[in-house]
Amino acid sequence: MLDVLVVGGGLAGLCAARTLHRAGRRVRVLEAAPEVGGRVRSRVVDGFTLDAGFQVLFPAYPAVQRQLNLGALDLVPLLPGAAVRRGTQVDLVGDPLRDPRALVGTLGSRVLPLADKLRVARLAAQLRLPAPHALLRGGDETTEAYLRRQGLSEQAVDLFFRPFFGGIFLRRDLSTSARLFRYYFRMLLDGGAALPREGMGVLSAQLATGLDIVTGVQVTHLSPHGTHVTAATTAGDLDARQIIVATDPRSAQDLTGESTGLTGIGSTYLYYAAPREIDPEKRLLLNAEPGLINNAHWTSQAVPGRAPAGQHLLSVTVLGLPAQDDAALDTAVRAELSRWYGAQAAGTLRLLGTERIPYAQYAQPPEYAHTLPGHATALSGVLLASEVTAMSGIQGALESGEKAAGIVLGDLVIQSRPRGA
Ligand SMILES: Cc1cc2nc3c(=O)[nH]c(=O)nc-3n(C[C@H](O)[C@H](O)[C@H](O)COP(=O)(O)OP(=O)(O)OC[C@H]3O[C@@H](n4cnc5c(N)ncnc54)[C@H](O)[C@@H]3O)c2cc1C
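Presented here is a report on the structure given in the accompanying data block. Values in this document were obtained by computation on a predicted structure and should not be read as measured data.

Comments concerning the pattern of salt bridges
Pairing between side chains becomes possible if they bear opposite charge and their charged atoms approach one another.
Stage number 1. Scanning the entire structure with this criterion turns up 25 salt bridges.
Stage number 2. Here Arg39 and Glu387 are joined by a salt bridge, their closest N and O atoms 2.9 Å apart. Of this pair, Arg39 sits in the loop between β2 (27-31) and β3 (42-45) while Glu387 sits in the loop between β18 (382-384) and α13 (394-416), and the two are 348 residues apart along the sequence.
Stage number 3. Since its relative accessible area comes to 32%, Arg39 is described here as partly exposed.
Stage number 4. One salt bridge connects Glu281 with Arg283, and the closest N-O pair in it is separated by 3.1 Å.
Stage number 5. By relative accessible area, Glu281 is classed as buried at 16%.

The structure is reproduced here in structure tokens:
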């Protein structure tokens, strides 16, 4: 019999399985999709490497440092800051300390007036001091309220923080917990952001290496029997002494009866191929005007190799799940890109794909952490792992997998202890 069956091969499940495998346990991962990775996957379309939505890695995440061999991921650091777009007007918001080339542009930026630049520098100095996990404690409020309390101007908040952190929290209203804002800001200060040359999917592939994984098998029901748990699956029944449910929240609820009560946030991505260079900018592009586009990124400028030689890859992020069909959405996004680059350049773009992700993250308003479920479930021998026990993101998923594995290892030691010992 298996020691542990892990249901779900996203980062949380893979991390849990790897921790258990390394501790010598017989562990198998069952993944419903044809491949592992969950929300962290990449695919190649016409020679372009597309991630499942635009996401980046913060190498300073503590769990990333513990779990991943960063050297083997072939990471390309992204330039700090962003280029803020208002039509054809572009303002650079960079970090001159980490990217001296940004000095002139940042000093002259109309997005962050001098007083705001000084306040951001003061904020950075404050947030560098505590241990990162301490930033997740203490009083909470919305990110917008926190930024205002720091004295940042409405212009700085609207033109930079709203679209920049909108791209991270997948909502532009800055209603996300200020604790998370402080944590992410610190992660950016400590290690910036990076993209693996071969796509974000290499994170999942690295975690999956050497594990017993069966894909294309969905777990439909769990029945505890005291000494073991039976998993009913689309490929038959399977027994294990313990089961870790590392699925999305809805599936976890179906399997364990535990309701997370979390609200999912959707987002939509359009990928375009360009036959010539339209914009040499390597930084994240933020749309400071009202519109569908929140942010965009010429990924092939930042990470050569993500597009075939001589071609270019543009990734566009639209927050939420727009009502338009794909063709109408493409037309509307192109109209916005025309305001940046002119109709002729926008007309040369070829749509490679549109990805609508109904549950990309969950909403994390102030004090959200108090509402998160723990690892225990009402089913004996069944534990929960996934970002839902920690925080929405790569750090939360890995941390959750580590902790669930740790609990299982403790339990297995107790179970295998001789009577009376
Ligand atoms: C577009 C986008 C952008 C993001 N940007 C960032 C970012 O920049 N930084 C960051 O830190 N995080 C980001 N995230 C969040 C991050 O990707 C997730 O937090 C993390 O991948 C969640 O991992 P997980 O293992 O908890 O869940 P998932 O990745 O959802 O994995 C769950 C797995 O369980 C499988 N499964 C479900 N039900 C069953 C079943 N019954 N039987 C078997 N298998 C099942 C699913 O197929 C899936 O593979 C982003 C996410 C998206 C989608």
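Things to note about the nonpolar core
Stage number 1. In terms of nonpolar packing, the biggest core is built from 115 residues, with Phe161, Phe165, Phe185, Ile243 and Ile244 touching the most fellow members.
Stage number 2. Two domains each provide a minimum of three residues to this core, namely domain 1 (2-40 + 201-263 + 369-416) and domain 2 (42-76 + 264-362).
Stage number 3. Ranked by size, the runner-up nonpolar core spans 21 residues in total, among them Leu92, Tyr272, Trp298 and Ala345.

Re the pairing of strand β12 (residues 236-245)
Stage number 1. Sheet topology note: the strand β1 (residues 2-7)/β12 ladder contains 5 bridges and is parallel. Paired with Leu5 across the bridge in β12 is Ile243.
Stage number 2. Sheet analysis places strand β11 (residues 229-233) next to β12, joined by 5 bridges and oriented antiparallel. Among the inter-strand pairings, Thr233 is bridged to a residue of β12, identified as Gly236.
Stage number 3. With antiparallel pairing between neighbouring strands as the criterion, β11 and β12 make up a hairpin whose turn holds 2 residues.
Stage number 4. Across 3 bridges, the pairing between β12 and β18 is parallel. Looking at the pairing, Ile243 lines up with Val382 of β18.

Remarks on the pairing of strand β14 (residues 284-287)
Stage number 1. Side chains of β14 alternate between two faces, with Leu284 and Leu286 and Leu285 and Asn287 buried alike.
Stage number 2. Bridge count between strand β6 (residues 82-86) and β14: 4 bridges; the pairing is parallel. Bridge pairing in β14 places Ala83 opposite Leu285.
Stage number 3. Here β14 pairs with strand β15 (residues 293-298) via 2 bridges, running antiparallel. Bridge pairing links Leu286 to Asn295 in β15.

Side note on empty space enclosed by the protein
Stage number 1. Evaluated as defined, the whole model comprises 1 cavity of 30 Å³ or more.
Stage number 2. Considering only enclosed or pocket space, the largest cavity measures out at about 70 Å³ in volume.
Stage number 3. What lines the largest cavity is simply Thr49, Leu50, Asp51, Gly53, Phe54, Gln55, Leu195, Tyr271, Thr299, Arg306, Leu313 and Ser315.
Stage number 4. The set of elements that each furnish at least two residues to the lining of the largest cavity consists of β4 (48-51) and β16 (312-319).
Stage number 5. Ranked by the residues each element gives to the lining of the largest cavity, the list is headed by β4, at 3 residues.
Stage number 6. Looking at the lining of the largest cavity, its residues break down into 5 nonpolar, 5 polar and 2 charged.

What to know about the environment of Pro280
Stage number 1. Relative to the helices and strands, Pro280 is located in the loop between β13 (264-274) and β14.
Stage number 2. Placed 20 residues apart in sequence, Pro280 and Ser300 show a C-alpha to C-alpha distance of 9.9 Å.

Parameters and conventions
Residues numbered from 1 in each chain as written. Predicted model: local features only at pLDDT ≥ 70, side-chain atom pairs only at ≥ 80, totals over all residues. Heavy atoms only, no water. Salt bridge = Lys/Arg side-chain N within 4 Å of Asp/Glu carboxyl O. Helix = DSSP H or I, 4+ residues; strand = E, 2+ residues; numbered from the N terminus. Buried < 20%, exposed > 50% of the residue type's maximum accessible area, 1.4 Å probe, protein only. Core = buried A, V, L, I, M, F, W, Y, C linked by side-chain atoms within 4.5 Å. Domains from an automatic or database assignment. Pairing = 2+ DSSP bridges. 1 Å grid on protein atoms, 1.4 Å probe; cavity = no way out; pocket = protein on both sides within 12 Å on 5 of 7 lines; lining within 4 Å. Points joined across faces, edges and corners; volume = space filled by probe spheres on them. Nonpolar A, V, L, I, M, F, W, Y, C, P; charged D, E, K, R; others polar.

The quantities given are spatial measurements derived from coordinates; they are silent on function.
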